[in-house]
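# Observations on the model geometry
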Amino acid sequence: MTQRVVVTGVGLVTPLGTGTELTWNNLIAGKSGIRRISKFDAEATGMACTIAGEVTDFDVSAFINRKDARKMDAFIHYGVAAAQMALDQSGLEITEANAERVGVVIGSGIGGMPAIERTMRAYEAGGARKISPFFIPMTIINMVSGWVSMLTGAKGPNTATVTACATGTHAVGDAFEIIARGDADAMIAGGSEACICELAVGGFSAARALSTRNDEPERASRPWDSGRDGFVMGEGAGVLVLESLDSAKARAAEIFAEVVGYGMSGDAYHMTSPAPEGEGGGRCMKAALDSARLNPEDIDYINAHGTSTPAGDVCETQGIKGVFGAHAKKLMVSSSKSMTGHLLGAAGGIEAAFSVLSVYHGMVPPTINLDTPGPECDLDYVPHTAREVDIDVAVSNSFGFGGTNATVIVRKFR
């Protein structure tokens, strides 16, 4: 029998703040977390982009002891912290009796690139003796899940997704399916990223993917606006506790939403550009609708991928129109990346969380900086101001380099 899957915990570390409540309040208030880069001197490097969505209020000692923290790069710090917050909110206690039925799937798009950068410099300056024995485990992507498992005692399925900017959504979707088929009673799932470093920012800048609106950081991320010129990098983590309905009910846990659908697809088109007319993303949304056994008319809100790139925003709009037809004009579609920037592999984790919270609170986050929509961008993008409205079903989209697409659907629990 297929298990119903619900969300009982949410943990967030974002450019809008550390903690779910702080991030959510700033998101609904329409605040931007984009600032000038402080982690390195971006202007001195001559990079075209010198802005990002950095996490500025994070204290690792609040979540991880100093000895263990030194063995991790920042993406692991953020992922572990978000997982702990999600578990605390859920009230799920992992014991010897249930440990084998609780799993972890937390991914990252890039992993420990800052540690790679630091280690290479140390090696060039001092040779092999300068390479830390913890270098490999502090950089590889599955170590977020590994550390969460070690620190919590979760002995169930333990894996990590690595699908570029679709990573977090694939992690949540995979966890949903693991529970639905009965392989676990609970999963700690999401994405984490912390790669605001010279190599990563330089690489995306060289690909001309990033905004160069450096003089107006808070206005730089502007999905669907005619003045959009690329995405703004962000960092952080978003982690959910997913649980079978039977398990959640047995604990009398608070339920924030139900996960009801998951879709995947591949563009088979280009390394970095989406398929024409959003065909791949459209098939992904259709697959999620089929998984949830819902009709297009059942959807109220889409938390879009909405990166603020010239081609991507148009393609996603076209994909939505192709799937939802006339109902597309009735949908609310917003991009939280207008405030957080694009968290790459963590984007799907925080945006799945935002979709859950939107359903739970009856509130749609706005798309800020949307002053003049582009000529092909003509949906209801909830510009500037959050909207208080009853939401029954919400969709969260994530699309990544390599043409990998993921969609998760959440529903108000009833």
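Heads up: the structure comes first, above all this text.
In every chain, residue numbers begin from 1 and rise along the written sequence. Reporting of local features is limited, given that this is a predicted model, to residues whose pLDDT is at least 70; pairs of side-chain atoms are given and counted only at 80 or more, and all residues count toward the totals for whole chains, interfaces and linings. In computing side-chain values, all of the structure's heavy atoms are included and hydrogens and water are not.

### Some words on the overall build of the chain
Looking only at helices and strands, the chain has 13 helices and 15 strands in total. Only C-alpha atoms enter the radius of gyration, while the globule expectation follows 2.2 Å times N to the 0.38, with N the number of residues. By the compact-globule yardstick of 22 Å for 414 residues, the chain fits well, its C-alpha radius of gyration being 20 Å. With the C-alpha coordinates of the chain rotated into their principal frame, the extents come out at 65 × 55 × 40 Å. Each residue is assigned to one of three classes by its accessible area relative to the maximum for its type, calculated with a 1.4 Å probe on protein chains only: buried under 20%, partly exposed between the two thresholds, exposed over 50%. Here the chain, with 414 residues, has 61% of them falling under the buried criterion. Residues count as neighbours in contact if any of their non-hydrogen atoms are within 4.5 Å of one another. Sequence-distant contacts in the chain: of pairs separated by 6 or more residues, those separated by 24 or more amount to 78%. Of the roughly 15,700 Å² of accessible surface on the chain, 51% is carried by carbon and sulfur atoms. A helix here means a DSSP run of H or I that spans at least four residues, while a strand means a run of E at least two residues long, and both kinds are numbered starting from the N terminus. For every accessible area listed, the method is Shrake-Rupley and the probe measures 1.4 Å; residues are considered covered only by the protein chains on display.

### Details of the side chain of His342
Secondary-structure assignment places His342 in the loop between helix H12 (337-340) and helix H13 (347-361). Polar contact criterion, stated in full: a pair of N or O atoms within 3.5 Å, where within protein one must be able to donate a hydrogen and the other to accept it, and residues adjacent in sequence count only if both atoms are side-chain atoms. A polar side-chain atom of His342 sits 3.1 Å from the main-chain amide nitrogen of Leu344.

### A short note on the environment of Thr163
Of note, Thr163 is situated in the loop between strand S6 (158-159) and helix H7 (167-180). Separated by 164 residues in the primary sequence, Thr163 and His327 place their C-alpha atoms 30 Å from one another.

### Here's the deal with helix H4 (residues 74-90)
Any helix carries an expected span of 1.5 Å times its number of residues minus one. Relative to the 24 Å expected for 17 residues at 1.5 Å per residue, H4 spans 24 Å between its end C-alpha atoms, a close match to the ideal helical length. With 13 of its 17 residues buried, H4 lies for the most part within the structure.

### Description of unusual backbone geometry
The phi angle of most residues is negative, glycine excepted, and most peptide bonds adopt the trans form. Not every positive phi belongs to a glycine, and Leu344 is a case in point at roughly 50 degrees. Accessibility expressed as a relative area gives 2% for Leu344, which makes it buried. We note that Val382 has phi near 50 degrees; this positive angle belongs to a residue other than glycine. For Val382, the location among the structural elements is in the loop between strand S12 (363-364) and strand S13 (387-388). By relative accessible area, which is 0% here, Val382 ends up buried.

### Some details on empty space enclosed by the protein
A 1.4 Å probe that fits but cannot get out identifies a cavity on a 1 Å grid over protein atoms alone, an open set with protein on both sides within 12 Å along at least five of seven lines counts as a pocket, and a residue lines either if it has an atom within 4 Å of a point. Grid points are joined across faces, edges and corners, and a volume is the space filled by probe spheres set on the points. Using the criterion set out here, one finds 1 cavity of 30 Å³ or more in the structure. In terms of lining, the largest cavity is formed by Val80, Ala83, Gln84, Leu87, Val148, Leu151 and Thr152. Of all the elements in the fold, those that place two or more residues in the lining of the largest cavity are H4 and helix H6 (143-152). When residues are grouped by polarity, Ala, Val, Leu, Ile, Met, Phe, Trp, Tyr, Cys and Pro land in nonpolar, Asp, Glu, Lys and Arg in charged, and all others, Gly among them, in polar. When grouped by side-chain class, the residues that make up the lining of the largest cavity number 5 nonpolar, 2 polar and no charged.

### Notes on the packing of helix H10 (residues 279-292) against helix H11 (residues 310-324)
All axes here are fitted lines through C-alpha atoms, helices being fitted over the stretch that makes contact, and every angle between N-to-C directions spans 0 to 180 degrees. Closest axis-to-axis distance for the H10/H11 pair is 8 Å, and the angle between their directions is 40 degrees. Between H10 and H11, the angle falls in the class oblique. Between H10 and H11 lies a crossing whose hand is right-handed. Contacts from Gly282, Met285, Lys286 and Leu289 in H10 reach Gly319, Ile320, Val323 and Phe324 in H11. Roughly parallel means an angle under 35 degrees; roughly antiparallel, over 145; roughly perpendicular, 65 to 115; everything else is oblique. It is the rotation of the near helix from the far one that decides the hand of a crossing: anticlockwise by less than a right angle makes it left-handed, clockwise makes it right-handed.

### Considerations on the layout of surface pockets
As a volume, the largest pocket reaches approximately 570 Å³. If you go around the largest pocket, you meet 36 residues; those closest to its centre are Thr272, Pro274, Thr309, Gly312 and Phe401. Looking at the lining of the largest pocket, the elements with two or more residues in it are H10, H11, strand S14 (393-400) and strand S15 (404-411). Residues belonging to the lining of the largest pocket are distributed by class as follows: 12 nonpolar, 18 polar and 6 charged.

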